[in-house]
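Breakdown of the fold
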Amino acid sequence: MKKEQIIQKIVAHRGMSGDFPENTEVAFAAAKSAGLKWIETDVSMLKDETLVIYHDKTQGRTTSGNESLNALTWPDFEDLDAGVWRGDGFKGQKVLRLEDCLSWVIANDMRVILEMKIYDKRQRTAAQAIWSRLAKIPKKYFVLSSFDLDFLGHCRAMGCSGQLASIHSNLPSNIDRVINRLSLTAIHIDHRSLSSESEITLIKRSGSKVLAWTVNDSKRAIELFRMRVDMLISDFPEQLSQS
């Protein structure tokens, strides 16, 4: 494949997180500047049901603080710095809300995979919260994904008509039933669990695309594309585009 073809099959993991603070606007903008169309990001729900672009269950790694997200509300987050942990040059980057992220995606004609993080038992509430926002957005702009199948089930039960994807560390033996039950458009799977084209074919026969995460080695990227994986998620998309 030519570079232009490859780069359209690569998704920037939390933005260009290999070189920029993850899940921030500067990381997303870097993906666009590199010629990518797709970014992936994490969505977590706070105590007050605000949806924030944030990966971890607790504060402390990418922002100051040490509290669990399900004990916090938006005022606890809106003034935090989400960039300085990667260096003073990124000081001032803010934690985004889902609405901020979607506005940026639409304004820049990008596409986003939204991974919903479920750290408690509020699957139904989370489904209501995110779908109430996504229902207003043209479906071409987003894919909603999660490790939590109950969350995805609630989304479908509520009438979510957008693209849904389940995430797996290993390929489930009943993957065809999972795809059919949830009407999944894609399976997102740890690339380390994929060893043959037959595994990819099994998924595709059920009508889903296959996306492999998180691939940072160009030789492995070539292997996966030869196995007919549809897209790759990477921290370093520009390196893979040189494959």
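This report concerns the structure included in the present document.

Thresholds, definitions, all that
Residues numbered from 1 in each chain as written. Predicted model: local features only at pLDDT ≥ 70, side-chain atom pairs only at ≥ 80, totals over all residues. Heavy atoms only, no water. 1 Å grid on protein atoms, 1.4 Å probe; cavity = no way out; pocket = protein on both sides within 12 Å on 5 of 7 lines; lining within 4 Å. Points joined across faces, edges and corners; volume = space filled by probe spheres on them. Helix = DSSP H or I, 4+ residues; strand = E, 2+ residues; numbered from the N terminus. Nonpolar A, V, L, I, M, F, W, Y, C, P; charged D, E, K, R; others polar. Salt bridge = Lys/Arg side-chain N within 4 Å of Asp/Glu carboxyl O. Buried < 20%, exposed > 50% of the residue type's maximum accessible area, 1.4 Å probe, protein only. Contact = heavy atoms within 4.5 Å. Pairing = 2+ DSSP bridges. Right-handed = clockwise from strand over helix to strand, strands pointing away.

In this structure, the largest pocket encloses a volume near 250 Å³. For the largest pocket, the full set of lining residues is Trp38, Ile113, Val143, Gln163, Thr185, Ala186, His188, Lys209, Val210, Leu211, Asp230 and Met231. Among the secondary structure elements, those contributing two or more residues to the lining of the largest pocket are strand 7 (186-190) and strand 8 (209-213). Among the elements that line the lining of the largest pocket, the one with the most residues is strand 8, at three residues. Considered as a void within the structure, the second largest pocket measures approximately 170 Å³ in volume. Lining the second largest pocket are 14 residues, and of these His13, Glu40, Glu115, Phe147 and Trp213 lie nearest its centre. Partitioning the lining of the second largest pocket into residue classes produces five nonpolar, five polar and four charged.

It is possible for side chains bearing opposite charge to pair when their charged atoms get close. Considering all chains together, one arrives at 13 salt bridges under this definition. Arg61 is the partner of Glu22 in a salt bridge, and the nearest nitrogen-oxygen pair spans 2.7 Å. With Glu22 in the loop between strand 1 (10-13) and helix 2 (25-33) and Arg61 in the loop between strand 3 (51-53) and helix 3 (98-107), this residue pair connects regions lying 39 residues apart in the sequence. The exposure class of Glu22 is buried, given its relative accessible area of 9%. Using a relative accessible area of 36% as the deciding quantity, one classes Arg61 as partly exposed. Between Asp230 and Lys204 there is a salt bridge, with the nearest N and O atoms lying 3.2 Å from each other. Here the residue Asp230 occupies a position in the loop between helix 8 (218-226) and strand 9 (231-234), and Lys204 occupies one in helix 7 (residues 197-205), the gap between them amounting to 26 residues. For Asp230, a relative accessible area of 18% translates into the label buried. Exposure remark for Lys204: the relative accessible area of 28% places this residue in the partly exposed category.

Structurally, Arg111 can be placed in strand 4 (residues 111-116). In contact with Arg111, other than residues within four places in its own chain, are Lys37, Trp38, Ile39, Val105, Lys140 and Tyr141.

Right, let's get into empty space enclosed by the protein. Overall, the coordinates contain two cavities of 30 Å³ or more when judged by the stated rule. Forming the boundary of the largest cavity are 13 residues, of which Met45, Lys117, Tyr119, Asp120 and Arg122 lie nearest the centre. Split by residue class, the lining of the largest cavity holds six nonpolar, three polar and four charged. Considered as a void within the structure, the second largest cavity measures approximately 80 Å³ in volume. As for the second largest cavity, its lining consists of Glu22, Asn23, Thr24, Ile53, Tyr54, His55, Asp56, Arg61, Thr62, Ala82, Trp85 and Val95.

Moving on to unusual backbone geometry. Look at Ser183: it is not a glycine, yet its phi comes out positive at around 50°. Looking at where Ser183 falls in the secondary structure, it is placed in the loop between helix 6 (175-182) and strand 7. Residue Ser183 is classed as partly exposed on the basis of its relative accessible area of 45%. Even without being glycine, Arg228 reaches a positive phi, approximately 75°.

Turning our eyes to something else, we now look at the pairing of strand 1. Residues Ile10 and Ala12 of strand 1 are buried on one face, and the alternating residues Val11 and His13, pointing to the opposite face, are buried as well. Bridging between strand 1 and strand 9 involves three bridges; their strand directions are parallel. Paired with Ala12 across the bridge in strand 9 is Ser234. The sheet contact formed by strand 1 and strand 2 (residues 38-45) spans three bridges and is parallel. Each residue of the ladder has a partner; that of His13, found in strand 2, is Glu40. In the classification by handedness, the crossover that spans strand 1, the intervening helix 2 and the parallel strand 2 is right-handed.

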